[in-house]
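Structural overview for review
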Amino acid sequence: MLDFARAILVVAVSIAAGCAAPGSPARHFLAKFGAPNPAIDLVAVCWGYGCRQQPEVDMSAAWAAIASAFAAPPATAKDERERVAEAVAAWERAAAESTPIGLDVGGTFEGVGESGQLDCVDEAVNTTRLLVLLQESRLLRFHVAEAPATRGAFLLGWPHTSAVLMEKQTGARFAVDSWFHDNGVMAEVVPLDTWLAGWAPAEGATP
């Protein structure tokens, strides 16, 4: 396991300008919130609503734990999406070691005004950065990182944004949404069309 972790770290660092092309939708989105090329040893972590706070964090030491979800390569696209959900949770727990996002509670309004609270934009940016890093580290076999999607426009419900993965073979898109839960809980990964229609987990907050 240790050898796997070291190998993943070496690959990640060596291809820091790697597979997610500079012109990719994910990178175009990230460019709105600073550098579009996140790196494991220096990645900004958003919090404070709309990424008003973006301290830069070295995630090198934590990357092995984050990447451990992929220690056995996923056999199917569905399996890979489940691994991504686990990696999002591990990423959030690791980021909480050096930022206040460990205090984040699910939803937007329960923790409004509190240090470390995230809204859906913060969550979408953080998750998209992680998806790009997973892609660059060649841990995603069946998917690519896409630009986040937004649903609702007040008249149709509160606006809500989520990170997005696209399955390579089918072109199907999936929302990767960690906003519904407290920090460090597995993200929800659901078909994007379902999510756009207003989907929420049974016990989750509803925007």
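Up top is the structure these notes are about.
In short, a report on the structure. Here the structure is a predicted model, which is why all the values come from computation and not from measurement. (Residues numbered from 1 in each chain as written. Predicted model: local features only at pLDDT ≥ 70, side-chain atom pairs only at ≥ 80, totals over all residues. Heavy atoms only, no water.)

Quick notes on the packing of aromatic side chains
- Within this structure, the stated rule accounts for four aromatic pairs.
- Relative to F33, the ring of F29 lies with its centre 5.2 Å away and its plane at 50 degrees, an arrangement referred to as tilted.
- For the pair F180 and W199, a centre-to-centre distance of 5.7 Å together with 90 degrees between the ring planes defines the contact as edge-to-face. Here W199 lies in the segment after α6 (192–196) and F180 lies in the loop between β5 (173–177) and β6 (188–191), a separation of 19 residues in the sequence.
- In this structure F180 comes out as buried when scored by relative accessible area, which is 4%.
- Put simply, the rings of W179, F180 and W199 touch in pairs and so form one group of aromatic residues.
- The side chain of R81 reaches across the aromatic face of F174, ending 3.8 Å from its centre.
- Over the ring of W195 we find R151, and its NZ or CZ is 4.6 Å from the ring centre. (Phe/Tyr/Trp six-rings, centres within 6.5 Å; stacked < 30°, edge-to-face > 60°. Helix = DSSP H or I, 4+ residues; strand = E, 2+ residues; numbered from the N terminus. Buried < 20%, exposed > 50% of the residue type's maximum accessible area, 1.4 Å probe, protein only. Lys NZ or Arg CZ within 6 Å of the ring centre and 35° of its normal.)

Section: helix α5 (residues 120–136)
- Relative to the 24 Å expected for 17 residues at 1.5 Å per residue, α5 spans 24 Å between its end C-alpha atoms, a close match to the ideal helical length.
- Most of α5 is tucked away: 16 of the 17 residues are buried.
- N-cap assignment for α5: the residue whose side-chain oxygen lies 3.1 Å from the backbone N of V121 is D119.
- Directly after α5, the chain includes R138, whose backbone phi takes a positive value near 60 degrees. (Expected span 1.5 Å × (residues − 1). Polar contact = N/O pair within 3.5 Å; in protein donor to acceptor, adjacent residues only side chain to side chain.)

Remarks on empty space enclosed by the protein
- Per the stated rule, a full pass over the model turns up one cavity of 30 Å³ or more.
- Its volume calculated, the largest cavity comes out at about 60 Å³.
- W91, E92, I101, D104, L118, E123, N126, T127 and N183 are the residues that line the largest cavity.
- Contributing elements (two or more residues each) for the lining of the largest cavity: α4 (77–95) and α5.
- Tallying contributions element by element places α5 first for the lining of the largest cavity, with three residues.
- Class assignment of the residues belonging to the lining of the largest cavity gives a composition of three nonpolar, three polar and three charged. (1 Å grid on protein atoms, 1.4 Å probe; cavity = no way out; pocket = protein on both sides within 12 Å on 5 of 7 lines; lining within 4 Å. Points joined across faces, edges and corners; volume = space filled by probe spheres on them. Nonpolar A, V, L, I, M, F, W, Y, C, P; charged D, E, K, R; others polar.)

Examining the packing of helix α3 (residues 60–67) against α4
- Where α3 meets α4, the axes come as close as 9 Å, and the angle between the chain directions of the two elements is 155 degrees. Taken together, the axis directions place α3 and α4 in an arrangement best described as roughly antiparallel. Crossing of α3 over α4 shows right-handed handedness. Listed contacts from α4 to A62, W63, A65 and I66 of α3 are A87, A90, W91 and A94.
- Residue classes in the contact of α3 with α4 are distributed as eight nonpolar, no polar and no charged. (Axes fitted to C-alpha atoms, helices over the stretch in contact; angles between N-to-C directions. Parallel < 35°, antiparallel > 145°, perpendicular 65-115°, else oblique. Left-handed = near helix turned anticlockwise from the far one by under 90°. Contact = heavy atoms within 4.5 Å.)

Description of the state of the cysteines
- Applying the stated criterion across every chain, the model contains one disulfide.
- Disulfide partner of C46: C51, at an S-S distance of 2.0 Å. Its S-S torsion of about 100 degrees marks the bond between C46 and C51 as right-handed, since a negative value means left-handed. The same class applies to C46 as to C51, namely buried. (Disulfide = S-S within 2.5 Å.)

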